[in-house]
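As a plain string of letters, each chain reads:
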Amino acid sequence: MSTFIFIIFAGAPHQRRLCRNWWFNAHRNWVRVLTSRNWWFALTPDAFHGALILGISKRCYTIAGGETQPFSLICPRPIIKSTSMKKLPISYEILGSGMILLKRYISLRDQVDIVNISQTWGVGPGGFYEPSHQSGAKLRLQMMCFGRNWDPITKYKKRFRSDGSEPPPLPSELISLAKTTIQDAQAHMDRLPSMQPDICIVNFYSPVYGRLGLHQDRDESSNSLQRGLPVVSVSIGDSAEFLYGKSRDKMKVNSVLLESGDVLIFGGKSRLIYHGVKQVFPDTAPVQLLQETMLRPGRLNLTDGAHFSRSDILGFSISHPLDHVYDICWSSCFSL
Ligand SMILES: O=C(O)CCC(=O)C(=O)O
Ligand SMILES: [Fe+2]
């Protein structure tokens, strides 16, 4: 179910966009005061000083919490606007040492499979939920984990979530995808270690409202971080503006567009880059993907990583010029 709001913003296109972004930000704490089957009235005292907003309740765009149903990636709806899948070939862009963006790397077929896998597990125990920061503020996304539980407060410390659920096992398709992607990336760049994933964080961002602040992925084992074992980040659905940089300084970060089917890898010297999602652009998902999956408006991101490295498991740490070769052997042990 989704929520459609009809509000007309006047002005030049950039003013309308600013206004719309502001409105979505200001209304994340909607208060529903009256509902019927298809209509509801929401009071928004924070932004409009008590103005009454009229909406039609269908729920795909529901961005505030309070739902009792598990969050579903699927939402049947007419596809009004969307982009058709570009017939451009796969290409790559090196964004830094150990950081590479593979454009259009994942085929439509595989994107559909990834949505279906995420949906199947996402509605079950250990599925999507809205995580909170220590302050109590909610992250502006839905999240679930495969393989190992991570959340912004307990990090990897707790095996079970506060609702008692355990993360589902990491699907073999996601393991193979991460490993193959790294192998392909290694053909284009040096100093990118191989990686055997044991964790995948799945995020879903609503358009306009969804975002993720600048952060480092640094809760994995110290061996994994020291060895720069890469993170493999897969984007599906609406496009996003992704920020990355050496520090949290917003003035110094770089920005790149992540589109459906793109894979971003950061390992080696870039393993601890600051990164975040600034915004998700509505109606930018490929129309074929929406037709085949009925994916709700927004962006799905899967971040695969290695919480443990080979050294953690073998109980010693190797630092050797041939580390790269060891890593390949180690990965092949797992793929047998
Ligand atoms: O959605 C993305 O592209 C980034 C996700 C991310 O950084 C994370 O889950 O740690
Ligand atoms: Fe991250």
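Conventions used here
- Residues numbered from 1 in each chain as written.
- Chains lettered and ligands numbered in written order.
- Predicted model: local features only at pLDDT ≥ 70, side-chain atom pairs only at ≥ 80, totals over all residues.
- Pairing = 2+ DSSP bridges.
- Helix = DSSP H or I, 4+ residues; strand = E, 2+ residues; numbered from the N terminus.
- Axes fitted to C-alpha atoms, helices over the stretch in contact; angles between N-to-C directions.
- Contact = placed C-beta atoms within 7 Å.
- Buried ≥ 20, exposed ≤ 12 C-beta atoms within 10 Å, placed from the backbone.
- Near = placed C-beta within 6 Å.
- Nonpolar A, V, L, I, M, F, W, Y, C, P; charged D, E, K, R; others polar.
- Expected span 1.5 Å × (residues − 1).

Trainee: Just checking my understanding: could you explain the sheet that holds strand 7 (residues 142–146) for this structure?
Mentor: Strand pairing in a sheet is mediated by backbone hydrogen bonds. Such pairs are either parallel or antiparallel. The seven strands lie next to each other as 5-6-13-10-15-8-7, forming an open sheet whose pairing is antiparallel. What marks the edges here is a single partner per strand, and that holds for strand 5 (91–96) and strand 7. Direction aside, the axes of adjacent strands within the sheet are offset by 15 degrees on average. Together, strand 7, strand 8 (199–205), strand 10 (231–237) and strand 15 (299–305) form the strand contacts of helix 3 (residues 108–122), whose direction differs from that of strand 10 by roughly 95 degrees.

Trainee: For this particular structure, what's the right way to read unusual backbone geometry?
Mentor: Phi angles above zero are rare outside glycine, and Arg191 is one such case at about 60 degrees. Checked against the element boundaries, Arg191 lands in the loop between helix 4 (172–186) and strand 8. Among the residues examined, Arg191 registers 13 C-beta atoms within 10 Å and is labelled partly exposed. Positive phi is not limited to glycine here, since Met294 has a value of about 60 degrees. On the secondary structure map, Met294 appears in the loop between helix 6 (287–293) and strand 15. Given 16 C-beta atoms within a 10 Å radius, Met294 is considered partly exposed.

Trainee: Mind showing me how you'd approach the site of ligand 1 here?
Mentor: Near ligand 1 you find Ile201, Asn203, Leu212, Asp217, Ser233, Phe242, His275, Val277, Asn301 and Thr303, and these make up its full shell. Contributing elements (two or more residues each) for the shell around ligand 1: strand 8, strand 14 (274–280) and strand 15. When the residues that make up the shell around ligand 1 are grouped by side-chain class, the tally is four nonpolar, five polar and one charged.

Trainee: Help me understand helix 4 in this model?
Mentor: At 3.6 residues per turn, the α-helix brings residues three or four places apart onto the same side. In a regular helix each residue adds 1.5 Å, so 15 residues correspond to 21 Å; helix 4 covers 21 Å between its end C-alpha atoms and thus fits that length. Where helix 4 is concerned, the buried positions are Leu174, Ile175, Leu177, Ala178, Lys179, Thr181, Ile182 and Ala185.

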